[in-house]
Amino acid sequence: MFVLKDFINRYVTKRADSMFKEDIECHAPELKKSIDNKTVLVIGGAGSIGSNFIKALLKYGTPKSLVVVDYNENGLAELTRDLRSSSDVVIPKEFITYPMDFASVVFEKMFRSRGGFEIVANFSAHKHVRSEKDIYSVEALLRNNVLNAKKLLDLLVSYPPTVYFCVSTDKAANPVNIMGASKRIMEDVIFSYSSCFPVKTARFANVAFSNGSLPAGFLKRISKLQPLSAPSDVRRYFVSLEESGQICLLAAMLGGNREIFFPKLSEVQMTTFDCIARDLLTVYGFRILECDSDEEALKRSIALQTGSLEYPVHFSVSDTSGEKAFEEFVTSKETADYDRLQSLGVITGKAIPDKGKIDALFTKMEVAFDNIATTKEEIVSMMQEYLPSFKHIETGKSLDSKM
């Protein structure tokens, strides 16, 4: 029987236990103290990382209340079923899920009526490089990742939490795509509020088989006997679903103000997507049939419907916008503490960003988005002016043009 967790441990992360197990066990009393009897709000809690953060939170403490917000109503239903069916978590008596947008009027009504929360964790984000197809997808990405994030922070000023955590990405270090640059700007945004309440974040690797990820797509394709397509030259760090929640828990509860956590992974631990696809097909009992194009793979896949064990794949070098050959967590201009925790490094000493400069950028964005003639290129230039380290890779080809 195929067990996803076992496959990830053996073929993707290549470790039997969580790399954060020792740190969590060592700091279990501190985690429990930070969580017990607290009011907790998790935004984007139906997603892969948010839901695993909730599971980690409930394993090591019992909050007074837990409110989960996500516009994915079906995802919230599955989260509730999953938690209610799990024997290793304790669900607080007050557990409420709300299918709503955190930037909506109804969210603000709910938030104010409860007088805020002590712990606020925000996992709502556009996370895909493919979300920069054109000006409309770029606007949606930037509104969610930065403009609406600022709106939330403005609300929190009136009800300061003791912990505010949100997720960044390894793509924020020397970004080459709009998603990564948006997260790097988001770091500045949250740090600009650090005099009002403690803020912390985490940059981390790809989450293996997370919702919407390419490896999760492999499982979907195999279930439908559809061909697989993947880049052969893009190397990525990976953490398991469980580890993704644990990173966020450790950063949120143990982190200091304006600190960025990241997993201590070495370059040799990177892998490519085609390697994952090959291992997956082998475990499923297929023989790999390499094709020269998506079209050929699609044509060859017809034989799978008649019981063929030769599985067509198309592995090729990346040629789409915003794809970086490898990922990194720390830039040359940042200072990292590698000694505090066994498995996590911590970027420290981040200065409080110039809030006026951020506000000016956001004003320019709003004006640009109000203009129907604004182009994607103009938004990229605007972001590069604010963030000189943003070296956008534009090929004119989106991931949506490929399988």
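Note on numbering: residues in each chain are counted from 1, in written sequence order. Side-chain atom pairs in this predicted model are given and counted only at pLDDT of 80 or more, local residue features only at pLDDT of at least 70, and totals for whole chains, interfaces and linings cover all residues. With hydrogens and water stripped out, all remaining heavy atoms of the structure feed into the side-chain values.

(A) Geometry of the pairing of strand β2 (residues 65-69). The buried count for β2 comes to 5 of 5 residues, which makes it a mostly enclosed element. Each residue is assigned to one of three classes by its accessible area relative to the maximum for its type, calculated with a 1.4 Å probe on protein chains only: buried under 20%, partly exposed between the two thresholds, exposed over 50%. Per the convention used, a helix needs a DSSP run of H or I reaching at least four residues, while a strand needs a run of E reaching at least two, with both numbered from the N terminus. By the alternation rule, side chains of β2 split into Ser65, Val67 and Val69 and Leu66 and Val68, which are all buried. Paired strands are those between which DSSP finds at least two bridges. The pairing of strand β1 (residues 39-43) with β2 spans 5 bridges and is classified as parallel. Counted as the bridge partner of Leu41 is Val67 from β2. A crossover connection joins β1 to the parallel β2 through helix α4 (residues 48-60); in handedness this β-α-β unit is right-handed. Bridging between β2 and strand β3 (residues 94-98) involves 5 bridges; their strand directions are parallel. When the strands point away from the viewer, a crossover counts as right-handed if the route from the first strand across the helix to the second turns clockwise.

(B) Up close: the sheet that holds strand β14 (residues 310-316). Pairing in this open sheet of 3 strands is parallel, and the strands run β8-β14-β13 from one edge to the other. Two strands bound the open sheet, and with one partner strand each, they are β8 (228-231) and β13 (287-290). Across this sheet, the average inter-strand angle for adjacent strands is 35°, counted without regard to direction. Two strands pair when backbone bridges link them, and β13 and β14 are joined in this way by 4 bridges, in the parallel orientation. Considered in β14, the bridge of Ile288 is made with Tyr311. The contact criterion used throughout is that any non-hydrogen atoms of two residues lie within 4.5 Å. Axis lines are fitted to C-alpha atoms, over the contacting stretch for helices. Their N-to-C directions set the angle, which ranges from 0 to 180 degrees. Where helix α11 (residues 273-283) meets the sheet, its contacts fall on β8, β13 and β14, and the angle it forms with β8 comes to roughly 150°.

(C) Molecular detail of the pattern of salt bridges. We define a salt bridge as a contact between a side-chain nitrogen of Lys or Arg and a carboxyl oxygen of Asp or Glu at a distance within 4 Å. Here the structure, examined in full by the defined rule, presents 22 salt bridges. Close ionic contact of Asp359 with Lys150 constitutes a salt bridge, the shortest N to O distance being 3.8 Å. A residue pair is termed long-range when its members are at least 10 positions apart, and Asp359 in helix α13 (residues 355-370) and Lys150 in helix α7 (residues 135-158) qualify at 209 residues. Using a relative accessible area of 16% as the deciding quantity, one classes Lys150 as buried. With its nearest N and O atoms 3.8 Å apart, the salt bridge here joins Asp337 to Arg340. For Asp337, a relative accessible area of 24% puts it in the partly exposed group. In this structure, a network of salt bridges that share partners links the residues Lys150, Asp154, Lys355 and Asp359.

(D) Structural view of empty space enclosed by the protein. Put simply, the grid is 1 Å and covers the protein atoms alone, a cavity is a trapped set of points that fit a 1.4 Å probe, a pocket is an open set with protein on both sides within 12 Å along at least five of seven lines, and lining residues have an atom within 4 Å of a point. Grid points are joined across faces, edges and corners, and a volume is the space filled by probe spheres set on the points. Under the counting rule described, the total for this entry stands at 2 cavities of 30 Å³ or more. What the largest cavity holds in volume is close to 60 Å³. Every residue lining the largest cavity is listed: Asn122, Ser124, Ala125, Asn144, Asn145, Ala149, Tyr164, Cys166, Val167, Lys183, Met186 and Ile190. Among the secondary structure elements, those contributing two or more residues to the lining of the largest cavity are α7, β5 (163-167) and α8 (178-191). The residue classification treats Ala, Val, Leu, Ile, Met, Phe, Trp, Tyr, Cys and Pro as nonpolar and Asp, Glu, Lys and Arg as charged. All others, Gly included, are polar. Residues belonging to the lining of the largest cavity are distributed by class as follows: 7 nonpolar, 4 polar and 1 charged. Each pocket or cavity is described by its volume, and for the second largest cavity that value is around 30 Å³. The wall of the second largest cavity is formed by Val12, Thr13, Arg15, Tyr237, Phe238, Leu265 and Gln269. Residue composition of the lining of the second largest cavity, grouped by class: 4 nonpolar, 2 polar and 1 charged.

(E) Inspection of the nonpolar core at higher detail. Among the buried residues, those of types Ala, Val, Leu, Ile, Met, Phe, Trp, Tyr and Cys that are joined through side-chain atoms within 4.5 Å form a nonpolar core. Membership of the largest hydrophobic core comes to 100 residues, with the highest contact counts inside it found for Phe53, Phe107, Leu142 and Tyr164. The element best represented in this core is α7, accounting for 10 residues. Discounting residues that sit within four places of it in the chain, Leu142 has contacts with Leu147, Ile178, Ser182, Met365, Phe369, Ile379 and Met383.

(F) Main features of α7. The end-to-end C-alpha separation of α7 is 33 Å, in line with the 34 Å expected for 24 residues at 1.5 Å each. At any given residue, the bend is defined as the angle formed between two axes, one fitted to the seven residues that end at that position and one fitted to the seven that begin there. The principal kink in α7, of about 45°, is found at Arg143. If you check the start of α7, you find a side-chain oxygen 3.1 Å away from the backbone N of Tyr136, and it comes from Asp134. Expected span of a helix, by definition, is 1.5 Å for each gap between consecutive residues, and there is one gap fewer than residues. A 3.5 Å cut-off defines polar contacts: any pair of N or O atoms within that distance qualifies, except that in protein one atom must be a possible hydrogen donor and the other a possible acceptor, and neighbouring residues in sequence count only when both atoms are side-chain atoms.

(G) Broad picture of the packing of aromatic side chains. Here a pair means two rings of Phe, Tyr or Trp (six-membered ring of Trp) with centres within 6.5 Å. Their orientation is stacked below 30 degrees between planes, edge-to-face above 60, and tilted elsewhere. By the definition in use, this model includes 16 aromatic pairs. Ring centres of Phe262 and Phe329 lie 5.9 Å apart, and the angle between their planes is 20°; this geometry places the pair in the stacked category. With a gap of 67 residues between them, Phe262 in strand β11 (residues 259-263) and Phe329 in the loop between β14 and β15 (335-337) connect regions that are remote in the sequence. For the pair Phe262 and Phe329, one class covers both residues: buried. Ring centres 5.7 Å apart and planes at 80° place the aromatic pair Phe262 and Tyr338 in the edge-to-face group.

(H) Representation of unusual backbone geometry in the model. Although it is not a glycine, Phe209 sits at a positive phi angle of roughly 65°. For Phe209, a relative accessible area of 6% corresponds to the buried category.

(I) Just the pairing of strand β4 (residues 119-122), in detail. The alternating pattern of β4 places Ile119 and Ala121 on one face and Val120 and Asn122 on the opposite face, and all of these are buried. Across 4 bridges, the pairing between β1 and β4 is parallel. In the strand pairing of β4, Ile43 is matched with Asn122. With 4 bridges connecting them, β4 and β5 associate as parallel partners. Bridge pairing in β5 places Val120 opposite Tyr164.

(J) Focus on the layout of surface pockets. Considered as a void within the structure, the second largest pocket measures approximately 850 Å³ in volume. Taken together, 35 residues form the lining of the second largest pocket, with Asn52, Lys55, Asp82, Leu241 and Glu242 sitting closest to its centre. Residue assignment for the lining of the second largest pocket shows that the elements contributing at least two residues are α1 (4-12), α2 (21-26), α4, α5 (73-84) and α10 (241-254). In terms of residue count, the dominant contributor to the lining of the second largest pocket is α4 (7 residues). Split by residue class, the lining of the second largest pocket holds 11 nonpolar, 12 polar and 12 charged.

All we've got here are geometric facts, nothing functional implied.
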